[in-house]
Amino acid sequence: MNLTLKIWRQEDAQSKGKIVTYKIDDVSPDMSFLDMIDMLNEQLNNKGEDPVAFDHDCREGICGSCSLQINGEPHGPDTGVTTCQLHMRMFKDGDTIFIEPFRAKAFPVIKDLIVDRSAFDRIQHAGGFISINTSGNTVDANAIPVNKHNADMAFDAATCIGCGACVAACKNASAMLFVSAKVSQFALLPQGRIEATDRVLNMVRQMDDEGFGNCTNTGACEIECPKGISLENIARMNREYLSASLKG
Ligand code: SF4
Ligand code: FES
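Just so we're clear, the structure is a prediction, and the values are computed from it rather than from any experiment. (Residues numbered from 1 in each chain as written. Chains lettered and ligands numbered in written order. Predicted model: local features only at pLDDT ≥ 70, side-chain atom pairs only at ≥ 80, totals over all residues.)

1. Details of the domain arrangement of the protein
Here is step 1: Split into domains, the protein comes out as domain 1 (3-111) and domain 2 (117-133 + 141-247).
Here is step 2: When each unit is reduced to the centre of its C-alpha atoms, the spacing between domain 1 and domain 2 is 28 Å.
Here is step 3: Counting residues at the interface gives 18 residues for domain 1 and 17 residues for domain 2.
Here is step 4: Looking at the side of domain 1 that touches domain 2 residue by residue, the classes come out as 8 nonpolar, 7 polar and 3 charged. (Domains from an automatic or database assignment. Contact = placed C-beta atoms within 7 Å. Nonpolar A, V, L, I, M, F, W, Y, C, P; charged D, E, K, R; others polar.)

Encoded structure:
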């Protein structure tokens, strides 16, 4: 395939960015999207030009770092996949592809396609943990019965990889789907109930402090989430928040 790429180039956080056009030929449909950018970067390197900076690590849908806005969609046109799992067979010969960083006030651009998502880390630090003692006197896992349905829902919530596609998809740049997944994975299990009140209050406060927008229930986050995190988690977090506020 021969393609035209329109890529956001931005020197650093202070510079003004712009879309730059590149032509790339002989792209295999079997390549991943990131392989295709690697190929472009090799050509730019050979010409002595600055390669396109983009975030990536695992390249198998686990780490959540490969966050790109492709033709206006977080992680591109396929469903249930991250950018590293997106294949070039989703495009056709002659296509023009726009590649931009995720856009949100709370995710400032560092360079080109890389954004700073440390706001998510700070939300996690505010409450995304449990303080169960694991230093040699742990209770046997089977000693506390856990409802199977709740265990499955907690596991589903825990599959959130923190990629930020939910924020990029939302017209308000809301982080509610991410935060609700992190709250839910603990709220549904007995081990997570100990700090449940503080957790939801602290994580929501940090989310607001970071400058994410409010949720207006459009559901775009659920559609673009590569891990299928359900809107039910937002409803659960709202219930947790209300009950924690009444206790406080
Ligand atoms: S909820 Fe989905 S889209 Fe949002 S950070 Fe988690 S995995 Fe990514
Ligand atoms: S590089 Fe890790 S999820 Fe894509």
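That covers the picture; the talk isn't over yet.
2. Focus: the site of ligand 1
Here is step 1: In the vicinity of ligand 1, 15 residues are found, and the nearest of them are Cys160, Cys163, Ala165, Cys166 and Cys225.
Here is step 2: When contributions to the shell around ligand 1 are tallied by element, the ones reaching two or more residues are α4 (165-169) and α5 (176-187).
Here is step 3: Taken together, the residues of the shell around ligand 1 sort by class into 11 nonpolar, 3 polar and 1 charged. (Near = placed C-beta within 6 Å. Helix = DSSP H or I, 4+ residues; strand = E, 2+ residues; numbered from the N terminus.)

3. Brief notes about the sheet that holds strand β5 (residues 96-101)
The strands making up a sheet associate through backbone hydrogen bonding, with each pair oriented either parallel or antiparallel.
Here is step 1: Spatially, the 5 strands line up as an open sheet ordered β2-β1-β5-β3-β4, and their pairing is mixed. Lying at the two open borders of the sheet, with one neighbouring strand each, are β2 (18-24) and β4 (73-74).
Here is step 2: The pairing of strand β1 (residues 3-9) with β2 spans 7 bridges and is classified as antiparallel. Residue pairing across strands places Ile7 opposite Val20, the latter belonging to β2. (Pairing = 2+ DSSP bridges.)

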